[in-house]
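Analysis of the macromolecular model
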Amino acid sequence: MFLKVQLPWNVIIPAENLDAKGLMLQRSIVVCLLDDFAKKRATKDLGYYLAVSTLESIGEGKVRPQTGDVLFPVVFSGITFKIFRGEILEGVVHKVLKHGVLLKCGPIENIYLSSLKMPGYRYVPGENPVFLNDKTSKIGKDVAVRFIVLGTKWLEAEREFQALVSLEGDYLGPVS
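Here, residues in each chain are numbered from 1, in the same order as that chain's written sequence. Reporting of local features is limited, given that this is a predicted model, to residues whose pLDDT is at least 70; pairs of side-chain atoms are given and counted only at 80 or more, and all residues count toward the totals for whole chains, interfaces and linings. Excluding hydrogens and water, the side-chain values take into account all heavy atoms of the structure.

The chain is annotated in an unreviewed UniProt entry as DNA-directed RNA polymerase subunit from Salix suchowensis. UniProt positions are given in the numbering used here, feature names are shortened, and annotations may be inferred rather than shown by experiment. UniProt annotates the chain under Function (unreviewed entry) with the comment "DNA-dependent RNA polymerase which catalyzes the transcription of DNA into RNA using the four ribonucleoside triphosphates as substrates." According to UniProt, the comment filed for the chain under the heading Subcellular location (unreviewed entry) is "Nucleus".

What follows is the structure, given as C-alpha cells:
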C-alpha cells in the first residue's frame, strides 16, 4: 500500500556548499535531502521510501562548531510503500524453486509463495521449471501473479521486508 507521510529530517550542508548570497541554499538543502532520503531506503514503521513530494518547511540553520557545516531542520511530505497482512498485490516471479517461487513486488524482492499455498498447482522440473495446474495455467519465471499477503517480516540489518504470500482465494493466480 502506498502511504503519504510527513517527516521531519535534519539536513547537513557542508560549509563549502554555502553561498554568500544564499541563492543556492534551498537547492543545496533539497539535493542533500534527496541524497539522505535515498540512502535511508526503508523503515519498519513506514516501509520503503519512494519519493519526496513537497518540502513543507525549512527551519533556521544551526552552525556546527567543529566543522562549520550548517544543520537545517526540514519537514517534507513523501510517498512510501509498505505491505500489510491481508492485502492483495501483484508481483513478478524471479526464481522458481522446487518448494515454491520467489516474487518481486515494487521495491520488495523477497516475497515467498510456497507450493503448499498454490492449490491445484504441481511442480514440473526441467531447464525452465514451472508450476502447472489442470487448467494449463502456469507459474514460471517472469510471470505476473496476483496474491494475498499472509505475513511480513522486517530485517533490520538489510533494511528490507520479506513476505509470505498465498494464492488461496478468489481471483488469485497468474495474471494475463
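Most of strand β13 (residues 160-166) sits inside the fold, with 5 of its 7 residues counted as buried. Strands qualify as paired when DSSP identifies two bridges or more between them. A run of DSSP states H or I qualifies as a helix once it reaches four residues; a run of E qualifies as a strand once it reaches two. Both are numbered from the N-terminal end. Where strand β8 (residues 108-114) lies against β13, 4 bridges are found, and the strand directions are parallel. Within β13, the position partnered with I111 by the bridge is A163. Bridging between strand β12 (residues 144-155) and β13 involves 7 bridges; their strand directions are antiparallel. Bridge pairing in β13 places W154 opposite F161. Hairpin connection between β12 and β13: a loop of 4 residues separates the two successive antiparallel strands, and R159 in this loop has a positive phi of roughly 55°. Under the scheme applied here, a residue whose accessible area is under 20% of the maximum for its type counts as buried, over 50% as exposed, and between as partly exposed, the area being computed with a 1.4 Å probe on protein chains only.

What follows deals with the side chain of N133. Considering the arrangement of structural elements, one finds N133 in the loop between β10 (130-132) and β11 (138-139). Within polar-contact distance, the side chain of N133 engages the backbone nitrogen of S137 at 3.0 Å. Residues contacting N133, with those up to four places away along its chain left out, are G120, Y121 and R122. The term polar contact refers here to a pair of N or O atoms within 3.5 Å; inside protein, the definition further demands a hydrogen-donor-capable atom paired with an acceptor-capable atom, and it admits residues adjacent in sequence only when both atoms are side-chain atoms. We call two residues in contact when some of their heavy atoms are within 4.5 Å.

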